[in-house]
Protein chains: 2
Amino acid sequence: MFKKEVYVERRKKLQAEMNCGLVLLPANTESPMNYLANTYHFRQDSTFLYFFGLNLPNLVGVVDIDSGEELIYGNDINLDDIIWMGPQPKLTDTCANVGIAKTKPLASLDEAVKKAILESRQIHFLAPYRAERKLQLENLLGINHANIANYVSEELINAVVKLRSVKDDCEVIEMENTITNVTCKMYDAALKAITAGKYEREISGLMEGISMQHGGTVAYPVILSVNGETLHNHYHGNKMQNGDLLLIDAGAESTMSYATDITRTFPVSGKFTQKQREIYEIVLRAETECIEAMRPGVLNRDIHLKAAQIIATGLKEIGLMKGNVEEAVKAGAHAMFFPHGLGHMIGLDVHDMEDIGENYVGYNAETIRAEQFGLAYLRMGRRLEKGFVLTVEPGIYFIPALIDKWRADGKFMEYINYEKVDEYKDFGGIRIEDDVLVTEDGYRILGKNIPKTVEEIEAAMAR
Amino acid sequence: MFKKEVYVERRKKLQAEMNCGLVLLPANTESPMNYLANTYHFRQDSTFLYFFGLNLPNLVGVVDIDSGEELIYGNDINLDDIIWMGPQPKLTDTCANVGIAKTKPLASLDEAVKKAILESRQIHFLAPYRAERKLQLENLLGINHANIANYVSEELINAVVKLRSVKDDCEVIEMENTITNVTCKMYDAALKAITAGKYEREISGLMEGISMQHGGTVAYPVILSVNGETLHNHYHGNKMQNGDLLLIDAGAESTMSYATDITRTFPVSGKFTQKQREIYEIVLRAETECIEAMRPGVLNRDIHLKAAQIIATGLKEIGLMKGNVEEAVKAGAHAMFFPHGLGHMIGLDVHDMEDIGENYVGYNAETIRAEQFGLAYLRMGRRLEKGFVLTVEPGIYFIPALIDKWRADGKFMEYINYEKVDEYKDFGGIRIEDDVLVTEDGYRILGKNIPKTVEEIEAAMAR
């Protein structure tokens, strides 16, 4: 965990943002795989972690905005637990490390909440994303789990999003070190291991294993596929062949649960074909120029549209698109090739604060989310601020089902050269992604460089 | 998946075991880590997998015992899903592979269940172990999630336990191949990599990575610790030192979700000390002789007590225990050193069917579960039958907190030589475990041998 003062300061800011009432911030519980005691690796709730720093299940943090009291509800373990889990520090000592002086048994939380309800005090909580949390809130608040979402505190949402959006220096360092010390090593190992005849899972397993050897895990399920056109592809059973492009979207999670999120696309043979290289250079240009456009005050939506513009221009140059590029982008024709958003906030979550509400994080009164196919998937549209960390991840994909559908519907015939697109239907997809900090007057790409230009990649794969 | 006939046959047997009513066998849903869309690796419900073989979320299998109808409720994906997930086979085609001819949309399940309730038909279901399942059952059945456990079908429990306890040949082959092809390789790599100065996580990460390179994952969180006396130790942050014993309890899960579960204890230096070797040989004798005692008709509780007897005898020989060994074991004095059970059933779950109810799986009218410390933790007490697969995993541990407690309580002063035990308080723990099939007239240890004798281990670690 960070030093005590970090958490004390964050809770102080939270208190300053809120008017009154009781803020309820539950930790996560263990998550069972195939029976209660056989659990997935424990993943703490990110907001609990942000304000309380403790990576333990079955706790609830409470901040009383009226009295200023901050406490943790939780239980110490007993002798039986010690046999199975080993000696553990006392909860009071653990809590002291994050500046919490007062703890109470978990069972007493129920009474405290019921008392607050009787006194008509506001109880602030965030939307639950796990069913266990829904049941916990139902029990505590007496609200049916199906209706919990109606009682979520918008005041708390706004306060948490405001605080968590701007990263502390210690958070940036944690993410940057994780990229340099872990994610880079995962990619280095992949670059050395990729060979025709191997299965995708041999590379993804290798990469995940490296993240675990460093004490964390991956921040999200690894996407690693010769079918890169499938955006969230978690199937790793294809055998790699020379001529294939392998798209890898993977990032280590730090031991403090910070996410990293990097994408690269490599030719299985170690050399791009001319056709692959042409598309690759367009995506690379979009990524590089969009990153260079980042600075405080710029609308991220405009940077997304800049990527669309670069992609449409490039595709027109090689004959896949046609007509007026600006009009094509405005109409959304490029989205057949680039159907997703340019990027998202990243921090304790890979899509930072997505559980709290994507639109609270990425949009505001000034920037309403679009409904147009493609742009609608942009998670982050609002103006950049110093201290934001975002992913920048343009891509070009040839998705046969989407191409067939649009062509059959006669969609954007004036902008898309479907005959030419036919020659690319087995191309796959290319995406390039880095994690970028918005600085005082520009940007900084986090972490050591992972081979990204055609030359860097071919050199790294040369055997 | 196995061939179609396997699943057809299993459901036929299930129908034969049940009297009447509707059997509800839901698949698992995705399990979120830190927000809804960021999920853990999907783990199917084992009983659903046993009867329906489909490794997909959001399905419900229904077997109508009265009409004999068998069907799957679930939905096909739409074009939006195809962009993110790639083209998927139609649900009807997938279901045909496991002999299910009829599918219906998931939304129509609610009506079917409500109709059955109105007709006063029995609805059979098993105890939910995930909160999502509790909410699903509450919605379907109109029973509050807190009371669901009271309505679980004992008839279904008994039928499922009866069928799943006796492994099909194809299941045994799957487990055996996974040990030989994956778990063995995990151990081979560990044996080569263990060196003083490395952290435990470097070895556990290496082993987990290998399981993933083979397309599965681990069947349960890896236990890998120089503090082997902590039975369920998932902390991997210790630096290994010469003189330490490293206890590793790890097994790959097959791509069809079958578990393997192997434990070995290695000296970090590559050579056991005299003191370590003495304790090691006792545990090894217990493991070997207990396995040799396995055959149909024998009470597994008796084999557990045989292990206790061997351990107590061995500990008496080196002066850690004293007095009459048989009486000591009867009284439970050995349990300070061997506080857990000898083993458990293994199959689609590492503790097979633990979600259904441990006592239904491991006990019956003849063999009531004991309450004595140690024996009470034995998950499997009943008579062995041909086709059972069990773990055999005796151990000797020196648990400081337990030793101090018992000594302070003056417990078993006539059987335990506490003065001598003091010399072992920093010893750690040793456990040795294999997975064993009960055959017609004896037993078969599954999979290729993983170095187990002192000589085999020291040879494998020699550099």
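Residues numbered from 1 in each chain as written. Chains lettered and ligands numbered in written order. Predicted model: local features only at pLDDT ≥ 70, side-chain atom pairs only at ≥ 80, totals over all residues.

1. Considerations on the overall build of chain A
Short version of the rule: Helix and strand definitions here come from DSSP, where helices need a minimum of 4 consecutive H or I residues and strands a minimum of 2 consecutive E residues; each element is numbered from the N-terminal end. Both definitions apply: the radius of gyration is a C-alpha atom measure, and the globule rule equals 2.2 Å times residues to the power 0.38. Around each residue's C-beta, the other C-beta atoms within 10 Å are counted; 20 or more make the residue buried, 12 or fewer make it exposed, and counts in between make it partly exposed. All C-beta atoms are placed from the backbone.
Looking only at helices and strands, chain A features 16 helices and 17 strands. Taking 2.2 N^0.38 as the reference for a compact globule, 463 residues should give roughly 23 Å; the C-alpha atoms of chain A span a radius of gyration of 24 Å, in line with that estimate. By principal-axis analysis of the C-alpha atoms, chain A measures approximately 70 × 50 × 40 Å. Per-residue burial for chain A yields a buried fraction of 50% across its 463 residues.

2. Here we look at the packing of helix H8 (residues 169-193) of chain B against helix H9 (residues 200-213) of chain B
Residues and elements named next belong to chain B. We apply this condition: Axis geometry follows a simple rule: fit a line to the C-alpha atoms, using only the stretch in contact for helices, then measure angles between N-to-C directions, giving values from 0 to 180 degrees. Orientation categories follow fixed angle ranges, with anything under 35 degrees roughly parallel, anything over 145 roughly antiparallel, 65 to 115 roughly perpendicular, and all other angles oblique. In this scheme, a crossing is called left-handed if the near helix is turned counterclockwise away from the far one by less than a right angle; it is called right-handed if the turn is clockwise. Throughout, a residue-residue contact means that the two C-beta atoms, derived from backbone geometry, are no farther apart than 7 Å. Nonpolar residues are Ala, Val, Leu, Ile, Met, Phe, Trp, Tyr, Cys and Pro. Charged residues are Asp, Glu, Lys and Arg, and all others, Gly as well, are polar.
The interhelical angle for the contact between H8 and H9, taken along N-to-C directions, is 150°, at an axis separation of 9 Å. When the interaxial angle is binned, H8 and H9 end up roughly antiparallel. The way H8 lies across H9 gives a crossing that is right-handed. Across from Val182, Lys185, Met186, Ala189, Ala190 and Ala193 in H8, the residues of H9 making contact are Glu202, Ile203, Leu206, Met207, Ile210 and Ser211. The residue inventory of the contact of H8 with H9, partitioned by class, reads nine nonpolar, one polar and two charged.

3. Thoughts on the relation of the copies chain A and chain B
Counted only if it meets this: Least-squares superposition of the copies uses the C-alpha atoms of those residues scoring a pLDDT of at least 70 in each of them.
Each copy superposes on the other: chain A lies on chain B with an RMSD of 0.0 Å after a rotation of 180° and an axial shift of 0.0 Å. Here the transformation between the copies is reduced to the relation of a two-fold axis. Closest approach to the rotation axis within chain A is made by the C-alpha atom of A:Gly209, at a distance of 1.8 Å. Interface overlap between copies: 100% of the residues of chain A at the interface are likewise at the interface in chain B, consistent with a symmetric, same-surface contact.

4. Overview of the sheet that holds strand E4 (residues 60-64) of chain A
Residues and elements named next belong to chain A. Threshold: Any two strands are treated as partners once DSSP identifies two or more bridges connecting them.
If you trace the five strands from one edge of the open sheet to the other, you get E6-E5-E4-E1-E7, paired in mixed fashion. At either margin of the open sheet sits one strand with a lone partner, and together these are strand E6 (102-104) and strand E7 (123-124). With five bridges connecting them, strand E1 (residues 22-26) and E4 associate as antiparallel partners. Following the sheet pairing, Pro26 is matched in E4 by Val60.

5. Quick word on unusual backbone geometry
We note that A:Met353 has phi near 65°; this positive angle belongs to a residue other than glycine. If you trace the backbone, A:Met353 turns up in the loop between helix H12 (325-331) and helix H13 (358-362). With a phi angle near 50°, B:Phe412 is a residue other than glycine that sits in the positive phi range. Looking at the element boundaries, B:Phe412 is found in the loop between helix H14 (400-408) and helix H15 (418-422).

6. Some remarks on the nonpolar core
Residue and element names in this part refer to chain B. Let me state the cut-off plainly: Put simply, a nonpolar core is buried Ala, Val, Leu, Ile, Met, Phe, Trp, Tyr and Cys residues tied into one set by C-beta atoms within 7 Å. The split into domains, and so the bounds of each, comes from an automatic or database assignment of domains.
Judged by nonpolar contacts, the single largest core of 128 residues is most densely connected at Val23, Phe52, Ala190, Leu246, Val283, Ile311 and Ile396. Formed jointly, this core draws a minimum of three residues from each of two domains, domain 1 (4-165) and domain 2 (169-184 + 257-264 + 272-454). In this structure Val283 touches Pro394, Gly395, Ile396, Ile430, Arg431 and Ile432, once residues within four positions along its chain are discounted.

7. A closer look at the interface of chain A and chain B
Counting from both sides, the interface comprises 55 residues of chain A and, opposite them, 55 residues of chain B. Counted by class, the side of chain A that touches chain B contains 26 nonpolar, 19 polar and ten charged residues.

8. Digging into the domain arrangement of chain A
Residue and element names in this part refer to chain A. Each domain of chain A was delimited in the assignment, giving domain 1 (4-165) and domain 2 (169-461). One C-alpha centre belongs to domain 1, the other to domain 2, and the line joining them spans 35 Å. Contact residues are listed per partner, giving 15 residues for domain 1 and 15 residues for domain 2. Elements with a contribution of two residues or more to the side of domain 1 that touches domain 2: helix H2 (46-52) and helix H7 (154-165). Looking at the side of domain 1 that touches domain 2 element by element, the count peaks at six residues for H7.

9. Some thoughts on helix H11 (residues 300-317) of chain B
Every α-helix winds through 3.6 residues per turn, so residues three or four apart in the chain are directed the same way. All names here are of chain B. The criterion, for reference: For a helix, the expected span equals 1.5 Å multiplied by the residue count minus one.
Across its 18 residues, H11 extends 26 Å between first and last C-alpha, which sits within 8% of the 26 Å expected from 1.5 Å per residue. Within the sequence span of H11, burial applies to Asn300, Arg301, Ile303, His304, Ala307, Ala308, Ile310, Ile311, Ala312, Gly314 and Leu315. Against helix H10 (274-292), helix H12 (325-331), strand E13 (389-392) and strand E14 (395-397) lie the buried residues of H11. After H11 finishes, the residue Gly319 shows a positive phi value of roughly 90°.

10. Some remarks on the sheet that holds strand E10 (residues 245-250) of chain A
Residue and element names in this part refer to chain A. Read across the sheet, three strands follow the order E9-E10-E12 without closing on themselves; strand pairing throughout is antiparallel. Edge positions in the sheet fall to strand E9 (223-225) and strand E12 (262-267), since each of these pairs with one other strand and no more. For this sheet, the mean angle separating the axes of adjacent strands, direction not counted, is 10°. With six bridges connecting them, E10 and E12 associate as antiparallel partners. Bridging from a neighbouring strand, Leu247 pairs with Thr265 of E12.

11. Description of helix H8 (residues 169-193) of chain A
The condition that has to hold: The angle between axes fitted to the seven residues ending at a residue and the seven residues starting there is what we call the bend at that residue.
Taking 1.5 Å per residue as the helical rise, H8(A) with its 25 residues ought to reach 36 Å, and the 35 Å between its terminal C-alpha atoms agrees with that figure. Where H8(A) bends most, at A:Ile179, the angle is about 40°.

12. Considerations on the pairing of strand E1 (residues 22-26) of chain B
All names here are of chain B. Judged by how many residues are buried, E1 sits mostly within the fold: five of five residues are covered. The alternating pattern of E1 places Leu22, Leu24 and Pro26 on one face and Val23 and Leu25 on the opposite face, and all of these are buried. Bridge count between E1 and strand E7 (residues 123-124): two bridges; the pairing is parallel. Looking at the pairing, Val23 lines up with His124 of E7.

13. Overview of the pairing of E4(A)
Of all five residues in E4(A), four are buried; the element is thus mostly enclosed. The loop that links E4(A) with its antiparallel partner strand E5 (residues 70-73) of chain A comprises five residues; one of these, A:Gly68, has a positive phi angle of about 80°.

14. Concerning the environment of B:Lys271
Here B:Lys271 shows up in the loop between strand E12 (262-267) and H10. Between the C-alpha atoms of B:Lys271 and B:Ala252, which are 19 residues apart in sequence, the distance is 27 Å.

15. Some words on the packing of helix H9 (residues 200-213) of chain A against H9(B)
Look at H9(A) against H9(B): their axes get within 7 Å of each other, and the N-to-C directions meet at 160°. Between H9(A) and H9(B), the angle is such that the two are roughly antiparallel. In the packing of H9(A) onto H9(B), the handedness of the crossing is right-handed. Facing A:Arg201, A:Glu202, A:Ser204, A:Gly205, A:Leu206, A:Glu208, A:Gly209, A:Ile210, A:Met212 and A:Gln213 of H9(A), the residues of H9(B) in contact are B:Arg201, B:Glu202, B:Ser204, B:Gly205, B:Leu206, B:Glu208, B:Gly209, B:Ile210, B:Met212 and B:Gln213.

16. A closer look at the environment of B:Val98
Residue and element names in this part refer to chain B. Along the chain, Val98 turns up in the loop between helix H4 (91-96) and strand E6 (102-104). C-alpha of Val98 to C-alpha of Phe2: the two residues are 96 residues apart in sequence and 8.4 Å apart in space. Apart from the residues within four sequence positions on either side, Val98 is in contact with Met1, Lys4, Tyr7, Phe52, Gly53 and Leu54.

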